[in-house]
Amino acid sequence: MTENAPLTRKDFSSDQEVRWCPGCGDYAILAAVQRMLPQVGATLDKTVFISGIGCSSRFPYYMNTYGFHTIHGRAPAFATGLKVVRPDLDVWVISGDGDSLSIGGNHMLHVLRRNVNLQYLLFNNQIYGLTKGQYSPTSDVGQISPSSPYGSIDQPVTPVRIALGAGARFIARGYDVSKKLTDVLVAAHQFQGASFIEILQNCPVFNDGVFDLITDRKKGPQHQLWLEHGQPMQFGPKGEMGIWLNPKTLEAEVVTLGENGISESDLLVHDETNRNIAWLIADLPDVKALGVLYREDGPVYDQSVREQVKMAEERAGGADLKALLREGHTWTVS
Amino acid sequence: MSDVEKANGSASELPREMLDSVVIRFAGDSGDGMQLTGMQFTTATALMGNDLATFPDFPAEIRAPAGTTYGVSGFQIHFADHDILTPGDEPDVLVAMNPAALKVNLNELKRGGLLVVNTGAFTKGNLKKAGYDTNPLEDGSTDPYRLLDLDITKLALNAVAELGLGAKDAGRTKNMWTLGLMFWLFGRDRQSTIDWLQKKFAKKPDIAQANVLALNAGHIYGESAEMPSTIGVYQVPSAELEPGEYRNIDGNQALAWGLATGGSLASLPIFYGSYPITPASSLLHNLAKLKHLGVTTFQAEDEIAAVCAAIGASFGGAVGVTGTSGPGVALKGEAIGLAIATELPLIVCDVQRGGPSTGLPTKTEQSDLFQAVWGRNGDAPLVVLAAATPGDCFHVAIQAVRIATQFMTPVVLLSDGYIANGAEPWKLPDIDALEPFPVEFHTDPEGFFPFQRDPKTLARVWPKPGTPGLEHRIGGLEKNQHSGHISYDPANHHAMVKLRAQKVANVAEVLPEASLELGETGGDVLVVGWGSTYGSIRQAVQHSLSKGAKVAHLHLRSIWPLPRGLENLLKSFDKVLIAELNDGQLLKLLRAELLTDAIGHQKIAGQPFRVSELVELIESHLPSGTDTRPSAVA
């Protein structure tokens, strides 16, 4: 590889054999990430992938960049420490629904509210894959699994709503085999702060087809609402469906254009800077809002840390360790 | 005697009786400001050139119900004209600001000791809350002591009456009034406290003025009031300390400054991740002020995030440090294991407190030794160092940074509540004379793999992200000892476990050899200690030595690995006593590692050793015929 040759997807692939199950959605996500990095001008040496534990967390081993496969649920904490001392690095957190929303829920909350400048990829397959198929915090009620033989009785969480509640400033959603996933990743990378992306991911072994409604090549488009800032929320193969705000319930509802007098001008217009809209469309029945749900710039944690250090240095006026030892009262014994 | 003349400089003053050392305990309700009072007395005493040691003892509750015995807060200071190592056993002087404080502390006051009592707080209600059926000031309970009973509440209120403050603010000045009186009794200068008050209350000038008025009034009261004939004024001449520049320092402050200095000597930034926990929080507070000295602090969402962020920082090429107490170390265990597996530098400061579980948050104990050495899943060796005194924390912190970065290993640094909060005069080290140990990151891509090692130390290389050509992945899965790739190979795992253990064992090569603090090899009794018991044990052994006993003191500064030459040293004594503030953890460790047939001495009371109890312990183990009859212990 010469200095100036543009990097390709291959440059970002490590020499390690990829060991996910055949047909796993993680392959497609890996490919999307490896395609995207050259697009955004990433370099191998400045890119770091940090993961927790789970199937998704094997991800860093397959990237020919720096990588840290850490412990269950804690990847955001490692990433925060790294980013604080090395703001020059491009840090990606790779996590799953169990890793982020069960054992690591606390850390996801805090990395998002601090707005640490990194990308947070949550692979959501609604199941614990690595431990052989137990229900996860995103599993539907009634999910049959080895640990819920009579069906799960836990209410599932909606990851993007958790992110919104935590104060995340960039929230997006995509799915594993989507061609548009790369665009979502590029947008996340451009954002300064914590970019949260939920990626719906199929687990062919323990939860096969869980997102078929959304991702099926034929029927899927009827259930995919790809968001565009400033555009009416219109979807369906012929754009015949849309979202409007029911003024009585203040709920977003799916409507068919031309029915009940609904026209395009009645539809909600997507405003990525509006938290309320993001909340309303986060959990639509039978339809997934995809793309960027919410984006609003704000103070970036690692930058604020640097600014405080600079301010402290200016205030100290060159005071060194010797001056520190002499702070307050000292006396001399002769 | 010229000192008397000096002390007697003012004609209106009484001649001062000379004392070589005094122990004063200030005790009151946790809202009475006893810690502040004690610290101000400490500063003034240090400025007088005495050697000193302090022991704050306060309840876990921020404001326990007023007047109760469990809400009593105490501060003990021992100061002398000679080198001292502990805050003293029984106080010579007890200041009791309310009945509860008297109830908790009176039995420890020396017979004939001076008892200063605020009668203003001896109301029926307060007596009842303290569990007194009769007023102890009237029923003969205080007869064995020299009593100075004053209505300090009223005297302080009168002193500040002219300012027209509210009753609450005016009432709060009684601690300064008391301090003024104590300054007079022991001939301390008020100026340092006046300066401090004016700075502290710069934005509330009336409060500053009230406190200064109360302080002066207490002093004037001493000068002018008719005192009982048993009350005199005292002089404790300055100690002959080694020449140099001194300051007071507590353990957590010294630890913070040592970490900053260690980072500077390693030419690396320090990243400190921590979650508030008693008694380690002030370490975070101290470090948070050092942003201008290459220290970044991160108040994490929990203990686990604190250590994980520190490891993330180490991965990025900084010195990752986390600090906590025992319960926090328990939470950090898995992450520390990751730092061991990935062979990254990490320093874990454990400021121990009483356990198990929440235990005794504000009381001292040495019961995290096992947790530090073995408290992780798998065979997970790391280095364990222990600080001996508040000032020693500075030097141990530097050593921890050196070992962590040179051996690519986590280091647990054990301190405890006693040295974290205790203060002592500290001779300022010559920063320029400290040997730098600048870290060199690996940069050469030629033949690089992330777990290539120094053949001598076995430390792996430290490549940091951002270095072209060294891209690599690390993690907690077992790795091939050559390539660093994930490996489940049985023989490789066996080799890696042994290799990690050997690397930590190699640290002994850079640690000082085992040596005696006091005494000669081959004696009758060796007292072995570690951590904050250093001062008490040393003083007890010193006493027994002065009485002709063949006794010695050995202090362990590293618990893991143990220092070279320890086994032979231990074997040369007839009896080995291991004194520690836990249920025999070092005892079991030394028995397991060296087959040392040692005798344990345990105190698990949340309190440090008294010198006198250790002297008795030594006596009881000396061969018969050794005459070291107890006498006053300095």
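Definitions and cut-offs
- Residues numbered from 1 in each chain as written.
- Chains lettered and ligands numbered in written order.
- Predicted model: local features only at pLDDT ≥ 70, side-chain atom pairs only at ≥ 80, totals over all residues.
- Helix = DSSP H or I, 4+ residues; strand = E, 2+ residues; numbered from the N terminus.
- Expected span 1.5 Å × (residues − 1).
- Buried ≥ 20, exposed ≤ 12 C-beta atoms within 10 Å, placed from the backbone.
- Axes fitted to C-alpha atoms, helices over the stretch in contact; angles between N-to-C directions.
- Parallel < 35°, antiparallel > 145°, perpendicular 65-115°, else oblique.
- Left-handed = near helix turned anticlockwise from the far one by under 90°.
- Contact = placed C-beta atoms within 7 Å.
- Nonpolar A, V, L, I, M, F, W, Y, C, P; charged D, E, K, R; others polar.
- Pairing = 2+ DSSP bridges.
- pLDDT = per-residue confidence, 0-100.
- Right-handed = clockwise from strand over helix to strand, strands pointing away.

Peer 1: Break down helix H12 (residues 303-315) of chain B for me, with residues and values.
Peer 2: All names here are of chain B. For H12, which comprises 13 residues, the first-to-last C-alpha distance of 19 Å matches the rise-based estimate of 18 Å (1.5 Å per residue) to within 8%. The element H12 is largely enclosed, with a buried count of 13 among its 13 residues. Positioned one or two residues after H12, Gly317 has a phi angle of 100 degrees, which is positive.

Peer 1: Lay out the packing of helix H8 (residues 191-200) of chain B against helix H9 (residues 205-224) of chain B in plain terms, naming residues and giving numbers.
Peer 2: All names here are of chain B. Closest axis-to-axis distance for the H8/H9 pair is 9 Å, and the angle between their directions is 160 degrees. As summarised for this structure, H8 and H9 are arranged roughly antiparallel, according to the angle between their axes. The handedness of the crossing between H8 and H9 comes out as right-handed. For the pair H8 and H9, contact is made by Thr193, Ile194, Leu197 and Gln198 and by Ala208, Asn211, Val212 and Leu215, respectively. Taken together, the residues of the contact of H8 with H9 sort by class into 5 nonpolar, 3 polar and no charged.

Peer 1: Which residues make up the environment of B:His601, and what values go with them?
Peer 2: Residue and element names in this part refer to chain B. Inspection of the secondary structure assignment puts His601 in strand E23 (residues 599-602). Counting along the chain gives 514 residues from His601 to Pro87, while the straight-line C-alpha distance between them is 21 Å. Not counting residues within four places of it along the chain, the set of residues in contact with His601 comprises Leu577, Ile578, Ala579 and Leu617.

Peer 1: Got a sec to walk through the interface of chain B and chain A? Specific residues and values, please.
Peer 2: Across the contact, 54 residues belong to chain B and 47 residues belong to chain A. Of the residues that constitute the side of chain B that touches chain A, the class distribution is 29 nonpolar, 17 polar and 8 charged. Where strand E2 (residues 66-69) of chain A lies against strand E17 (residues 473-475) of chain B, 3 bridges are found, and the strand directions are parallel. In the sheet register, A:Phe68 faces E17(B), and the bridge partner there is B:Ile474.

Peer 1: With reference to specific residues and values, describe the confidence of the model for chain B.
Peer 2: Residues and elements named next belong to chain B. For chain B, per-residue confidence averages 93 on the pLDDT scale, and residues scoring 70 or more make up 96% of the total. Taken together, the stretch residues 1-12 has pLDDT below 50 and engages in 12 contacts with residues farther than four places along the chain or on a different chain. Per the prediction output, this complex has pTM 0.91; the corresponding ipTM is 0.97.

Peer 1: Please set out the pairing of E23(B) residue by residue, giving values where relevant.
Peer 2: Residue and element names in this part refer to chain B. Bridging between strand E22 (residues 575-580) and E23 involves 4 bridges; their strand directions are parallel. Residue pairing in the sheet places Ala579 in a bridge with His601 of E23. Each parallel crossover has a hand, and for E22 linked through helix H20 (residues 585-594) to E23 it is right-handed.

Peer 1: Summarise the sheet that holds strand E10 (residues 234-235) of chain A; cite the residues concerned and give the values.
Peer 2: All names here are of chain A. The strand order across the open sheet built from 3 strands is E10-E11-E12, with neighbouring strands paired in antiparallel fashion. With one partner strand each, in any of the chains shown, E10 and strand E12 (251-256) form the two edges of the open sheet. The sheet contact formed by E10 and strand E11 (residues 241-246) spans 2 bridges and is antiparallel. The residue of E11 that forms the bridge with Gln234 is Gly242.

Peer 1: With reference to specific residues and values, describe the environment of A:Arg306.
Peer 2: Tracing the sequence through the fold places A:Arg306 in helix H9 (residues 301-316). For A:Arg306 and A:Pro87, which are 219 residues apart along the polypeptide, the C-alpha to C-alpha distance reads 8.8 Å.

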